[in-house]
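# Geometric and topological summary
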Amino acid sequence: MANIKTAAEELAEVQLAISRVTLGGQSYQMGSRKLTRAEYSALVARQKELQAQVAAEGNSGLFDDTYVAVFDGR
């Protein structure tokens, strides 16, 4: 069975990957082994997409205390 992640879970993983790239570098090599992490620009683009998804899924609270009144004549 596939493990389907929510946008918030994936966002946390992307943010962790971004911090690893910024702190540890894009790639490095030890002897014959080489590690290349995901591209920073791709991670930032995905982070923005996921932040928009999380904001759209969640209740932003922007109009929670908003009421509409209609006055038809006097």
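Notes on the structure in this doc start here. (Residues numbered from 1 in each chain as written. Predicted model: local features only at pLDDT ≥ 70, side-chain atom pairs only at ≥ 80, totals over all residues. Heavy atoms only, no water.)

This part takes up a nonpolar patch on the surface. Nonpolar side chains collect at one region of the surface, where Tyr 28, Met 30 and Leu 35 lie side by side and expose about 310 Å² of accessible area between them. Mapped onto the elements of the fold, Met 30 is located in strand 1 (residues 27–30). Taking relative accessible area as the criterion, Met 30 reaches 63% and is therefore assigned exposed. (Patch = residues over 30% accessible without salt bridge, like charges linked within 9 Å, V, L, I, M, F, W, Y side chains within 5 Å. Areas by Shrake-Rupley, 256 points an atom, 1.4 Å probe, with all protein chains shown as cover. Salt bridge = Lys/Arg side-chain N within 4 Å of Asp/Glu carboxyl O. Helix = DSSP H or I, 4+ residues; strand = E, 2+ residues; numbered from the N terminus. Buried < 20%, exposed > 50% of the residue type's maximum accessible area, 1.4 Å probe, protein only.)

With that out of the way, let us pick up the pattern of salt bridges. The tally for this structure, following the rule as stated, stands at three salt bridges. For Arg 46, the salt bridge goes to Glu 49, with nearest N and O atoms at 2.9 Å. Remark: Glu 49 and Arg 46 occur in helix 2 (residues 40–57); sequence separation between them is three residues, near one turn of the helix. When its relative accessible area of 27% is taken as the criterion, Arg 46 is described as partly exposed. Sharing partners across several salt bridges, the network here consists of Glu 10, Arg 46 and Glu 49.

Taken by themselves, the reported measurements are silent on function.
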